[in-house]
Amino acid sequence: MIQGQVNIPRRDPRVVMRLKRLGSLHQSRLSFMRILLRRMAAEGWQVTRPIFDIGANGVGRAVYQATGPERAYSLVCFARDLPADLRSDRVIAEAWDATFTLFDGIPTEADLHRLQANVPLQEAGRVSETELSLSRANRSVRLWVHVIDALAEGQQPDPAEIDKVGYLMRTTAVYGSGKFGAADREVIADRPEMQAPFQAEMLSVYLIRTFVRDLAEHMAQAKGRDRAVRLDPALARRLGIGNSTGLGMAPFIINHPVLFNNWIMCREEALARVRAVEAPTAAQVKVFKTLLQKAGKSVAGWQSQHPIQVKKLAELRADLDMLATHLSTADLSAPFLWDALVAWSEDALSEEGQEVLASLLLEPYPDLVDGLAECLADPVAESLPLDGAMTVAQLRAILEDVYDWALPLDWSDAGTCARAWYVSAEKLEPRLGERFEEPAEAYEQPLAPARAACALHAVLRDWPNDTPISDVLMAHPVHRTAVRRAQFTRFAPYAEIRDNTIAAEMKPIDMLRAKLSFFGATRFDPRSDRWVRIAMYQGAPYPEDLSPETADLWVYDA
Amino acid sequence: MNLSLNEVRAMARKAARGAGYDWALADEAGWACGALCEAGIDGVAALAGLLEAGGADCVGGLEVSDAVWRRGSGQICPVYAGTVLCDRRALSARVLALDGVVSPIMLLPYIRAALRGGKGPVIVTCERGRANIDAQSIYIMKDFSEVPVRVDITATEDIPPHRHASSRASPDPAAWDVLTTYAHRTYAPATEASRLRGAGGDLPDTD
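Since the model is a prediction, treat every value here as computed from it, not as a measurement. (Residues numbered from 1 in each chain as written. Chains lettered and ligands numbered in written order. Predicted model: local features only at pLDDT ≥ 70, side-chain atom pairs only at ≥ 80, totals over all residues. Heavy atoms only, no water.)

(A) Fine view of the overall build of chain A. Looking only at helices and strands, one finds 21 helices and 13 strands in chain A. At 24 Å, chain A has a C-alpha radius of gyration in line with the 24 Å of a compact globule built from 558 residues. Seen through its C-alpha atoms, chain A measures out along the principal axes to roughly 85 × 60 × 45 Å. Burial analysis of chain A (558 residues in total) assigns 61% to the buried set. Here the contacts in chain A between residues at least 6 apart in sequence split such that 75% fall between residues at least 24 apart. (Helix = DSSP H or I, 4+ residues; strand = E, 2+ residues; numbered from the N terminus. Rg over C-alpha atoms; globule rule 2.2 N^0.38 Å. Buried < 20%, exposed > 50% of the residue type's maximum accessible area, 1.4 Å probe, protein only. Contact = heavy atoms within 4.5 Å.)

Spelled out as structure tokens, the structure:
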């Protein structure tokens, strides 16, 4: 390809780091599940099923083994026959249709025995350093029954029913990173296949999807015997694994500012590189147009009942139509076509449309984009020392730059500090409270960095400009976190959300969507302003069909 | 007991908050606790001792103008003092002492961190306790007690033995229970109203 001489800068954090835009992000080439499948295909990973001890009633255990060039990982699955009244997606649930762990290696019978005693209990059990993830899933009852009944009768299920839901089971948590005794990320972070973020979790979900398909076929077979058929592979591909996500995920992008910066910065860098391409080839334009068309078809199938999302989907569909129309009349040989498209989109399209365009623009350029996957992780784990020698004046300048939007706010105003994030004693479920309507304030979690930054800014007024910040912190250690966060922005411009995370009108799903889009999720379906359903791996090849030809653009075939 | 370091840090942070530290110093307590465990030292026991001894009341007002740091006539929280030590890059070749440090073992990860960037090893001594520390290692030669003491930090030629970082923690179960109890103070009591409005969806999610 030909790259232009012009330097297109990355987009301004003031534009990108708004909650409304973060809540409009879409999957892209840099999404974690796509990175995983590209690697597995390129390296020829093999998935086998050494154990499948499941009874006719769907109760039992299974092991799926993924073997790469250097090591193997095993998803250990426990399935049960859950009474309907026990089924809940919330953190406070105590039983699930299926529970899972990703074992680091190949489990012995003793391992399986130990895991049998703990994994179905989830948070109430313990796992160990040989376990990399802990997860659970519940059936989509409606679709489950439909699919099994159809297959048992020798029929394929109705594609329309499949598309309505998009999955047979949905995970309600996928824990990694040392939780409940699992291995810390540090244990695996140096392995090439685990270097990109959340690869253990993405591998877990990929194998769960295979198990779920196998389980459905198995139960249909048990029910229908000779009449039963297997699920048509094309229909099987349309099934992703759903996920039900709530407030537990929202604090992540606040609590890991450098990591989140890296994700955003890599995507923005990729976008800037593509915009700098002076003369796209005909082949590259064709890839873009083809995928734009497929994206339009996919989005037409996204369903939601929630008013927020109904409106967003209508806007997105309109945007995609407008984009297609604009493209059909544009001069495709004009220099810097992509940059011109982005510029046009900033006036013509909603944030969702702009972000779908941004994601689509990356697709024809694996050579410019895919290498950035190595920059997504945060190897220093935010353990950099605080720079105590920075002066009050220097710190003030940073605060006035990053929090220019926040400093004029009155933080005692009821609308400005309306919310308080807290953790309930009830199974430690994260919740969002209304500060003036319930006793949440006494338990408030530190999830309002803008308010903290403003408090710090106010304190600095009492100190001479050339005072080292170490003096201020010696007197007021409460501001350490705010100072650290401000200092991160010197090298992590996208570390801070430029919106008030405790405002009356704040929507936690915007935070959830940002992280989920980097996982590679599609079909965002909010159930409230703080609860969202998604699909993962919808359209993806199953392990037996995974190859470099099928590993990459499957997300557009959903 | 076998815990991941992440679990230890998360619990330590919540426990410190529950014991009265602000969230910023609670973060620091979590870090220090995890760093001790990584060095093969029971950071959970050290933190439990600090919290029980009222470390949260020993924050602020450190006097650092001469070679012996004090906090008026009061005791010094090691987490707070450790952050000051690092912020000020106070460990140069000269001797440094801190008078009245509660649970001084919590200071050791900060001393190690402060030696990064080419500073030589030090010996840390107090009435009950002795450690040899460089930028990589904390080597305890004589067990530290929790009683508030004067801590002396002096340069040494001795390099502590280097060991692989631990990836797990095996704390004293009673100390872990202490942290759990403090951490529980940060959880809001469960109520029906909280359960209904605080999380979950407006639309059914069991379909």
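(B) Seen up close, the overall build of chain B. Counting secondary structure elements, chain B contains seven helices and nine strands. Its C-alpha atoms give chain B principal-axis dimensions of roughly 70 × 40 × 30 Å. Within chain B, the proportion of its 207 residues that are buried is 54%. In the form shown here, chain B has an accessible surface area of approximately 8500 Å², with 49% of it arising from carbon and sulfur atoms. Charged side chains of chain B number 21 positive and 25 negative; the gap between the two group centres comes to 4 Å. (Areas by Shrake-Rupley, 256 points an atom, 1.4 Å probe, with all protein chains shown as cover. Lys, Arg positive; Asp, Glu negative; His and termini not counted. Charge placed at Lys NZ, Arg CZ, Asp CG, Glu CD.)

(C) Expanded view of the environment of B:Val68. Residues and elements named next belong to chain B. Secondary-structure assignment places Val68 in strand β2 (residues 68-69). When the C-alpha atoms of Val68 and Arg150 are compared, they prove to be 9.0 Å apart, with 82 residues separating the residues in sequence. Beyond its immediate stretch of four places on either side in the chain, Val68 contacts Glu63, Ala97, Asp99 and Arg150.

(D) Region of the structure containing empty space enclosed by the protein. Residues and elements named next belong to chain A. Tallied over the entire structure, the rule returns five cavities of 30 Å³ or more. Considering only enclosed or pocket space, the largest cavity measures out at about 90 Å³ in volume. Around the largest cavity, the lining residues are Gly23, Ile308, Gln309, Lys312, Ile509, Asp510, Arg513, Phe524, Pro526 and Val532. Elements represented by at least two residues in the lining of the largest cavity include exactly α13 (307-329), α21 (508-519) and β12 (522-528). The residue makeup of the lining of the largest cavity, split by class, is five nonpolar, two polar and three charged. Pro449, Glu496, Ile497, Asp499 and Thr501 are, among the 14 residues lining the second largest cavity, the residues nearest its centre. (1 Å grid on protein atoms, 1.4 Å probe; cavity = no way out; pocket = protein on both sides within 12 Å on 5 of 7 lines; lining within 4 Å. Points joined across faces, edges and corners; volume = space filled by probe spheres on them. Nonpolar A, V, L, I, M, F, W, Y, C, P; charged D, E, K, R; others polar.)

(E) Local environment of the sheet that holds strand β5 (residues 129-133) of chain B. Residue and element names in this part refer to chain B. What the six strands build is an open sheet, ordered β2-β3-β7-β4-β5-β6; its pairing is mixed. Strands at the two margins of the open sheet, each flanked by one partner only, are β2 and β6 (138-142). Here strand β3 (residues 96-101) pairs with strand β7 (residues 149-155) via five bridges, running antiparallel. Bridge pairing in β7 places Asp99 opposite Arg150. (Pairing = 2+ DSSP bridges.)

(F) Inspection of helix α6 (residues 173-184) of chain B at higher detail. All names here are of chain B. An ideal rise of 1.5 Å per residue puts 16 Å on 12 residues; α6 measures up with 16 Å between its terminal C-alpha atoms. Regarding α6, the residues found buried are Ala175, Trp176, Leu179, Tyr182 and Ala183. Buried positions in α6, seen along its axis, are confined to an arc of 125° and lie on one side of it. Structurally, α6 contributes buried residues whose contacts are with β1 (3-4), α1 (5-18), α3 (43-52) and β9 (187-188). (Expected span 1.5 Å × (residues − 1). Arc of directions from axis to C-beta.)

(G) Quick peek at the sheet that holds strand β8 (residues 240-245) of chain A. Residue and element names in this part refer to chain A. If you walk across this open sheet you meet the nine strands as β2-β3-β4-β5-β6-β7-β8-β13-β12, and the pairing is mixed. Looking at the sheet topology across the chains shown, the edges are occupied by β2 (46-54) and β12. The sheet shows a mean angle of 25° between the axes of neighbouring strands, taken without regard to direction. Direction of pairing for strand β6 (residues 131-139) relative to strand β7 (residues 167-175): antiparallel, over a ladder of six bridges. Across the sheet, residue Asn138 finds its bridge partner in β7, namely Arg170. (Axes fitted to C-alpha atoms, helices over the stretch in contact; angles between N-to-C directions.)

(H) Quick peek at the pairing of strand β11 (residues 430-434) of chain A. All names here are of chain A. With respect to burial, β11 is a largely interior element, four of its five residues being buried. With five bridges joining them, strand β10 (residues 419-424) and β11 adopt antiparallel strand pairing. If you follow Ala420 over to β11, its bridge partner there is Gly433. Linkage of β10 to β11, two consecutive antiparallel strands, is achieved through a turn of five residues, within which Lys427 is found at a positive phi near 55°.

(I) Structural view of the interface of chain B and chain A. Opposite the 49 residues of chain B that make contact, chain A presents 63 residues. Counting each side, the surface lost to burial between chain B and chain A is near 4300 Å², with a carbon and sulfur contribution of 46%. Its salt-bridge partner being A:Arg480, residue B:Glu28 comes within 3.1 Å of it at the nearest N-O pair. Joining chain B to chain A, the criterion identifies 19 residue pairs in polar contact (both at pLDDT 80 or more). Among the secondary structure elements, those contributing two or more residues to the side of chain B that touches chain A are β1, α1, α2 (23-38), α4 (78-87), β9 and α7 (192-197) of chain B. Residue classes in the side of chain B that touches chain A are distributed as 17 nonpolar, 15 polar and 17 charged. Of the pairings in the sheet, the one linking β10(A) to β9(B) comprises two bridges and is parallel in character. Paired with A:Val423 across the bridge in β9(B) is B:Tyr187. (Buried area = accessible area lost by both parts, 1.4 Å probe. Salt bridge = Lys/Arg side-chain N within 4 Å of Asp/Glu carboxyl O. Polar contact = N/O pair within 3.5 Å; in protein donor to acceptor, adjacent residues only side chain to side chain.)

(J) Region of the structure containing the nonpolar core. One finds A:Phe211, A:Trp338 and A:Tyr537 to be the most contacted residues of the largest nonpolar core, which totals 159 residues. By size, the runner-up hydrophobic cluster in this structure holds 68 residues, among which are B:Leu5, B:Val64, B:Leu107 and B:Val151. (Core = buried A, V, L, I, M, F, W, Y, C linked by side-chain atoms within 4.5 Å.)

(K) Focus on the packing of aromatic side chains. All names here are of chain A. Applying the stated criterion across every chain, the model contains 23 aromatic pairs over all chains. Taken together, a centroid distance of 6.1 Å and an interplanar angle of 75° make the contact between Phe198 and Trp263 edge-to-face. Highlighted residues: Phe198 in the loop between α7 (185-188) and α8 (199-224) and Trp263 in helix α11 (residues 257-275), separated in sequence by 65 residues. Judged by its relative accessible area of 0%, Trp263 falls in the buried class. Centre to centre, the rings of Phe260 and Trp263 are 5.9 Å apart; their planes meet at 75°, and the pair counts as edge-to-face. Taken together, the residues span about one helical turn, with Phe260 and Trp263 both in helix α11 at a distance of three residues. Owing to a relative accessible area of 1%, Phe260 belongs among the buried residues under this scheme. Pairwise contacts between aromatic rings join Phe32, Phe198, Phe252, Phe260, Trp263, Phe518 and Phe519 into one cluster. Between Arg209 and the ring centre of Tyr542, over which it is positioned, the NZ or CZ distance is 4.0 Å. (Phe/Tyr/Trp six-rings, centres within 6.5 Å; stacked < 30°, edge-to-face > 60°. Lys NZ or Arg CZ within 6 Å of the ring centre and 35° of its normal.)

(L) Structural detail: the layout of surface pockets. All names here are of chain A. Considering only enclosed or pocket space, the second largest pocket measures out at about 480 Å³ in volume. Around the second largest pocket, the lining comprises 21 residues; the ones closest to its centre are Leu19, Lys20, Glu505, Lys507 and Asp510. When contributions to the lining of the second largest pocket are tallied by element, the ones reaching two or more residues are α2 (19-22), α13 and α15 (351-362).

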